[in-house]
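# Coordinate analysis (summary)
Next come the chains, spelled out residue by residue.
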Amino acid sequence: MRAYQCVQAVANAYGMSPNFIMGRSRVSHIAEARQVVMYILVRRRGMSANAVGRFLKRHHGSVLHGLRTVAGWLEVDADFRSRYLLAVRESEEDELHEVNGKDGGIR
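Residues numbered from 1 in each chain as written. Predicted model: local features only at pLDDT ≥ 70, side-chain atom pairs only at ≥ 80, totals over all residues. Heavy atoms only, no water.

## Focus on the environment of G66
The topology assignment puts G66 in helix 5 (residues 60–76). Accessibility expressed as a relative area gives 0% for G66, which makes it buried. Put simply, G66 and R34 are 32 residues apart on the chain and 8.3 Å apart in space, counted from C-alpha to C-alpha. Residues within four places of G66 in sequence aside, it is in contact with Q35 and M38. (Helix = DSSP H or I, 4+ residues; strand = E, 2+ residues; numbered from the N terminus. Buried < 20%, exposed > 50% of the residue type's maximum accessible area, 1.4 Å probe, protein only. Contact = heavy atoms within 4.5 Å.)

Right, dumping it as structure tokens:
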């Protein structure tokens, strides 16, 4: 999955434009969505914190902070965990559609 497709999937799950995630806003629900993107790209897609930082135009330290923040919320916040899982499902569906589009469908 390309990084921008992850942004689009998370934006869909959070009901916002991908431009908000890629932007500079620090409004809490936008920052949360951006941190979910960071977490998915690093923990589930194997990108480095440096690469994610460059992609999102953030310092890699901000990415590391986002990873710690999301990990903490996943442990203690059931509402957040539900939003996160929805975002993960959206990103995995997008990845599946990408694979299906390339080979004409999985058989």
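Next comes the rest of the account.
## Structural notes on unusual backbone geometry
Phi is positive for K57, close to 60°, though the residue is something other than glycine. With respect to the helices, strands and loops of the structure, K57 is situated in the loop between helix 4 (49–56) and helix 5. K57 sits in the exposed class, given a relative accessible area of 61%.

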